[in-house]
Every structure is written in C-alpha cells, then in structure tokens.
Amino acid sequence: MNVFQHIRTHLFEQIEILSNEGNGKKKPDLSSIRVEAPRNSSHGDLTTNAAMILAKQTNTNPVDLARVLSERLALLDDVALSEVAGPGFVNLRLTSEYWRSQLSTLLLAGSSYGESTLGEGLSINVEYVSANPTGPLHIGHGRGAVVGDVIANMLEKMGYRVTREYYINDSGVQIEALARSVFVRYQQAMGIEVSVLPDGFYPGEYLVPVGQQLANSEGDRWLLAPDVDWLDQFAAAGCKAMMTLIKNDLNDLGIRHNIFFSEKDVHQNGKTEETLSDLRLRGLIYEGVLDPPKGIKLEDWEPRPQTLFRATKFGDDLDRPLKKSNGDWTYFAADIAYHRDKFERGFSKMIDVWGADHGGYVKRMVAAVDAISNGQANLDVRICQLVNVLKGGVAVKMSKRAGDFVTLREVIDQVGKDVVRYIMLTRRNDAPLDFDFAAVTEQSRDNPVFYVQYAHARGCSLLRRAIQVMPNMTINTHALSSSELDRLIEPEEIELMKILSFWPNVLESAALAKEPHRLTYYLHEVASAFHGIWSRGDKHASLRFIIANEPELSLARLALVKGVLTVISGGLSIIGVQPVEELK
RNA sequence: GCGCCCGUAGCUCAGUCGGAUAGAGCACAGGAUUCCUAAUCCUGGGGUCGCAGGUUCGAAUCCUGCCGGGCGCACCA
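This report concerns the structure included in the present document. (Residues numbered from 1 in each chain as written. Chains lettered and ligands numbered in written order. Predicted model: local features only at pLDDT ≥ 70, side-chain atom pairs only at ≥ 80, totals over all residues. Heavy atoms only, no water.)

## Thoughts on the overall build of chain A
Reasoning step 1: The secondary structure content of chain A amounts to 21 helices and 15 strands.
Reasoning step 2: In terms of its C-alpha atoms, chain A occupies a principal-axis envelope of roughly 85 × 65 × 40 Å.
Reasoning step 3: Here chain A holds 584 residues, and 49% of them are scored as buried.
Reasoning step 4: Across chain A, contacts joining residues at least 24 apart in sequence account for 73% of those joining residues at least 6 apart.
Reasoning step 5: For chain A, the exposed area adds up to about 28,000 Å²; of that, 49% sits on carbon and sulfur atoms.
Reasoning step 6: Taking the 63 positively charged and 74 negatively charged side chains of chain A as two groups, their mean positions are separated by 2 Å. (Helix = DSSP H or I, 4+ residues; strand = E, 2+ residues; numbered from the N terminus. Buried < 20%, exposed > 50% of the residue type's maximum accessible area, 1.4 Å probe, protein only. Contact = heavy atoms within 4.5 Å. Areas by Shrake-Rupley, 256 points an atom, 1.4 Å probe, with all protein chains shown as cover. Lys, Arg positive; Asp, Glu negative; His and termini not counted. Charge placed at Lys NZ, Arg CZ, Asp CG, Glu CD.)

Here it is as structure tokens:
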C-alpha cells in the first residue's frame, strides 16, 4: 500500500466514525477528498482537503472540522505532527520511522516495487505505430512507438493484461502507389530508363532492392503486362519488404508487438461487410449527402449521395462516409471493423496512439467503438504531436515528398536506442517535441538521459567501492533491509526516502493518466536528490556514504543508495532504457 | 468558417480530479573538487500563468468570449 493510500484509509476511517457519531443522516461523499503531497514542503509531507469538502456537504465550519480530524489523525503511530492550516487543510508530517519502513519495504520488494494489482488482470489493447508499410519509419513514428510502448509497460505494472498491436494499412490507394513505385524500380532493375518519377510515387531508395529482387525472380514477364496482372503481387512484395524494414527498426528500439493485424485481412475475411451490415440493421447507416465544408475551398466538390455512419449520434460533428465513389470501403469502414474485432477478442478497453495529423479522426473512431460495442467498450486515443528535428539548434527540413525525412533508423544508429526512448518522454505527448541531435549526441549535461544514468552509475560505484573498503561486510538485500536504518537521520536522507516512497504513486497515476512523461520527470527528481546528498560528502567527510570505521552507518546509507538504484533501474526499465553501471 | 491540441520565467517546458507563497532544466552571475565518479553540487536574480469576464471558501487548472500558434476538415490513410 503506498503512502497516500495508507493515510487515506485512516482518514476515511475517522470520517466514518465521525459521521456515525453525528448519527449521520447520510453518508458523506468522499469522492473529491484528496490526500496528496503539498506543493510547498513546509506544509508537511501530506495534506488533505477533507475538512473543506465535508464542511461544504454538512454546512459546517471547515476549520473546526479540520481541527477535529487533525486531532484524530495525530493519534496515528505514523503521524509525527498534524496541524490545521489555511482555509481548512490538514497537514501531516509523518515520522522518520515511517519513511524508513517504506525504504525497507522498497528493498524487500526489489524490482517489483511500484507494481500493483489495480488492473485485476483486465485485458487492455494498446495499438501503436501502425505506420503505413510504404517506407521506413521516421522519427515521428518513433515518438508514437515509444509512447505507446511505455504506456503498455506501465499498464502491465498495474496488473493489466496488455496486448500490443500494430495495424497494417496494406490496402487502398497508397498501397497501389507503392506497387507502382516498386514496378518502376523493377523496370529500372531490368535496365529500363525511368527518368522522372510520376507524382504520388514513393521516391525513396529503399524500394530499389525490392525491384531488384522482383527482377531476379520474375524476369521480364511483367514488363509489358497490364497493371491488373501484377498490381497485387507488387503490392504484396512491397508491403512485405517494408514491414521487414519497419519491424527491424522497432526491434532495435526495443519494441515488440504481440499482434500485427492486416487491413487487407479485415476486408478479405468479410469483417467489413459483417460490421457494416450489423450497423445497418441497427439503423446507424444511411444514404445521404453531406454539406460541403465551410470556409475552405474544395475544387472538385460536388453533392453526392454517400453511405454514411451516424457518428453524430455518438458525439461526432458530422456523419462519416464509409464508401468511396468507386465503391471501395473507406479507411474508416475498415477501421470500424478492425476495432470491432478487437472488441470481439475481449477488449473493452482500447488505447490507440496516433500522430498529430490524425487528430481530426479521433471523434469518429471513439464514436464508432461506442456504436459497435453498444457502449460496452471504451477507446482512448492518445495523440502525439510532431517531433522537430534540430541539429545544434537549427531545424532540419523534412520533406516526405522528396523522401528526405529523418528516419528512425538514422537516429537510433547515431544516438542509440536508450537516448531515443528517453528523449521521446521528456515532453507531454500532446506537445511538440524538439529533438536536438547535437545535444543528445554530445553526451553533455544538455542530455537529460545522462543525468539520471550518472546517478545510477554513481550508486553502483558506491556498492562496488563498499566491497573493497569493507571486505568483511555482507552487502545483500537482506543485510541492507535489516541494517540500522535509524542511523539515517539527516533531513536530506529523510527527504530522499520520502521521494522514493512516492514511486508507486507516481507510477500508478502516470499509468492511469497514460502520461509516460511523468516517469522521466520523476526520475530526474530522484537523481537530483541523490546527487545533492552525494555532493555534501565533498564538504563533510562524515556525510559520505561509505565511512570505513563506521560499518553500520555505512550499511544503512548503502541501503538508501540501493533504494535509489532500485527505483531508477525500475523506472528506466519501464521506459525501456538500460541502466548503466559505469560511465566511461 | 468548423473541430481538436497548445499559450506558464529571456529560451525549452512540468504543474495529479480546483488547493495554500506557481516549479524544473537551459541561459546569465557568483561559489564548491588533495577526499565515495565535478558528466555533479550550492547560492542568486528573474512571472500580469495570452487577454477579458464568470463559477466558489479557493482558478494556471472548470465555463463563456476574444487574441495568437499547430494539426485536421466528403470520395486519402
């Protein structure tokens, strides 16, 4: 039980007793009562607004009520000081013994510290990346990949059964363009000059080997054939090659999806038809004409009857087309069928991680999930804003048309997977992110990964050192957790224990909010507190972690170090970053 | 024109479901190393939380309207 839950439990007990004493007409509503760390630490370790909330409900004076609560909470063993402040806050300061016991808990839990059973084994589906198989991943995909992956990791730690999924858009006009682009490369491999690539073709070099391979295996049999004869085969070859490329990139970023789901299969298995006829039966599909969008010009707009989904019934702004004018299903139609398939596979909780350019698509998909599940399923879409690539502060121009975007591959090769993953979480996902190549390549202090890694390396170095300095000492989990933790009396040490004991709460709230960036901010805080204590040893030798003639004190301080290492390495592993034991 | 996201220190950004005196990094100025890793630490200046109203014990946070920026806007994905 984390510190907040612990105090909340006691608080609610007291409220219950009070409510009964007041021959309580009705149960108080506890839902907006918070137990949290106050922003200003002079207000104590924990604070609660309970008195103000309850005072409102019972029409009493919040300060009086706070006083009563405060007196009762003061009686708890773990509470050192309880006082009323401001308009009716109850501020608590917990005992040093309590924080030490939390450190001990941490050490015994080891790498499982912070895990929870909150999810109760509920299945949850996280779909992320899902980039079109028309080329390698670029750095923007990398952001979605990391965000999705870390959300999945966090939810696993919360006790959910997580399935990581990638939806392959291997159908539609973009895939046809891919097939034609591959055909050009095939022609070139057969010695035919194709000087200018037509508009809408994929110009990247990465299709050259695909064309070459087809030239080798197929010879000239398709050179003069009509496109209908080779289109499917070339599309399939292109997709397959691109997915191999993409999976390699993801693999090197430490990402492995459980399921790759093909849009083409959705269609071929009749799932689209099935889904749409289901919706049609329920009166959610009709033939209609949409108004032209206002305020922007569409050259070729004409009123046209379309097959429309009643998305407006589920909170969208417009009803949405399911069929193109050529009779093909729209992307949306397939996507509905796909999400319905997820629902049928047992997922009532779904998370999709999309790029910023799909922001306008969120409402309709949420609406569709609502519709296909009859309100039984919930889709949460996380949008990742753009990544601006900089080199030494100067923006790198990216043009997808010209094929010269910064690939994820380049970035991984240059700065490494760990740096990429960490940097991607240094901003909220819905805010744009600057990725400065120079800063993260230099391995300078501009690189936030290093700050945290350095703290970890320093801690490891201490444990190595301790073995040399005190060879007779056993230093293992048992020895550390049962060491004389009451020797830890410095305010900074208590503060650090406090920060470490917040980890389960940080992880839980980050997981539930699906905001993985909170992890990097927290780890920075841990590292900062640790670096601070370290440096005090420069001035006062008595404050160092290892003091040769004080083995018991040293062991207690090493326990704190071990706590730092456990939390940092645990946090980094959720982020997908390998903690380093030594910096070179 | 409509929808979504954003606007917080010179710069880049945190800020939990509405909490008290709004925080961090960078930059800037000064200081700390014979000693556990100075890739670190300490001290300092820095703010009309875009603007204006509203809701209430209390608003950076919620509501409305404006201003500014990003993304998107039938038959692409």
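Having seen the model, we can carry on.
## Re the pairing of strand S9 (residues 305-309)
Reasoning step 1: Taking burial as the measure, the five residues of S9 include four buried ones, the bulk of the element.
Reasoning step 2: The sheet contact formed by strand S8 (residues 285-289) and S9 spans five bridges and is antiparallel. Across the sheet, the residue bridging to Gly 288 is Gln 306, located in S9.
Reasoning step 3: As judged from the two bridges shared by S9 and strand S10 (residues 320-321), these two strands associate in the antiparallel manner. When the sheet's bridge partners are listed, Leu 308 is paired in S10 with Pro 321. (Pairing = 2+ DSSP bridges.)

## Things to note about the sheet that holds S10
Reasoning step 1: Spatial strand order, S8-S9-S10: three strands in an open sheet with antiparallel pairing. One side of each edge strand has no neighbouring strand; the edge strands of this open sheet are S8 and S10.
Reasoning step 2: The sheet contacts of helix H10 (residues 271-281) involve S8 and S9, and relative to S8 the element is tilted by about 85°. (Axes fitted to C-alpha atoms, helices over the stretch in contact; angles between N-to-C directions.)

## Section: the packing of aromatic side chains
Reasoning step 1: A complete count under the given rule lists 22 aromatic pairs for this structure.
Reasoning step 2: Note on Trp 354 and Tyr 361: the rings are 5.5 Å apart at their centroids and 55° apart in plane angle, and the pair reads as tilted. Exposure class is identical for Trp 354 and Tyr 361. Each is buried.
Reasoning step 3: Here the aromatic rings of Phe 530 and Phe 545 are separated by 5.6 Å at their centres, their planes lie at 45°, and the arrangement is tilted. Taken together, the residues span a long stretch of sequence, with Phe 530 in helix H20 (residues 517-539) and Phe 545 in the loop between H20 and helix H21 (551-575) at a distance of 15 residues.
Reasoning step 4: Take Phe 545: its relative accessible area is 5%, and that puts it in the buried class.
Reasoning step 5: Taken together, the ring pairs connect Tyr 167, Phe 261, Phe 309, Phe 314, Tyr 331, Phe 332, Tyr 338, Trp 354 and Tyr 361 into an aromatic cluster.
Reasoning step 6: The ring of Phe 260 is capped by Lys 247, whose NZ or CZ atom sits 4.2 Å from the centre of that ring. (Phe/Tyr/Trp six-rings, centres within 6.5 Å; stacked < 30°, edge-to-face > 60°. Lys NZ or Arg CZ within 6 Å of the ring centre and 35° of its normal.)

## Comments concerning the sheet that holds strand S11 (residues 349-355)
Reasoning step 1: Pairing is parallel in the open sheet, where five strands are placed in the order S7-S6-S5-S11-S12. Each end of this open sheet is capped by a strand with a single partner; those strands are strand S7 (259-262) and strand S12 (378-384). Mean inter-strand twist for the sheet, computed between neighbouring axes without regard to direction, equals 25°.
Reasoning step 2: Packing of helix H8 (residues 227-252) onto the sheet brings it into contact with strand S6 (161-168) and S7, and relative to S6 it is tilted by some 145°.

## Focus: unusual backbone geometry
Reasoning step 1: A positive phi angle is found at Glu 120, which is not glycine, with a value near 50°.
Reasoning step 2: Tracing the sequence through the fold places Glu 120 in the loop between helix H4 (96-109) and strand S5 (123-127).
Reasoning step 3: The exposed category is assigned to Glu 120, whose relative accessible area is 73%.
Reasoning step 4: The phi torsion at Ser 130 lies on the positive side, around 45°, for a residue other than glycine.
Reasoning step 5: Here Ser 130 shows up in the loop between S5 and helix H5 (139-157).

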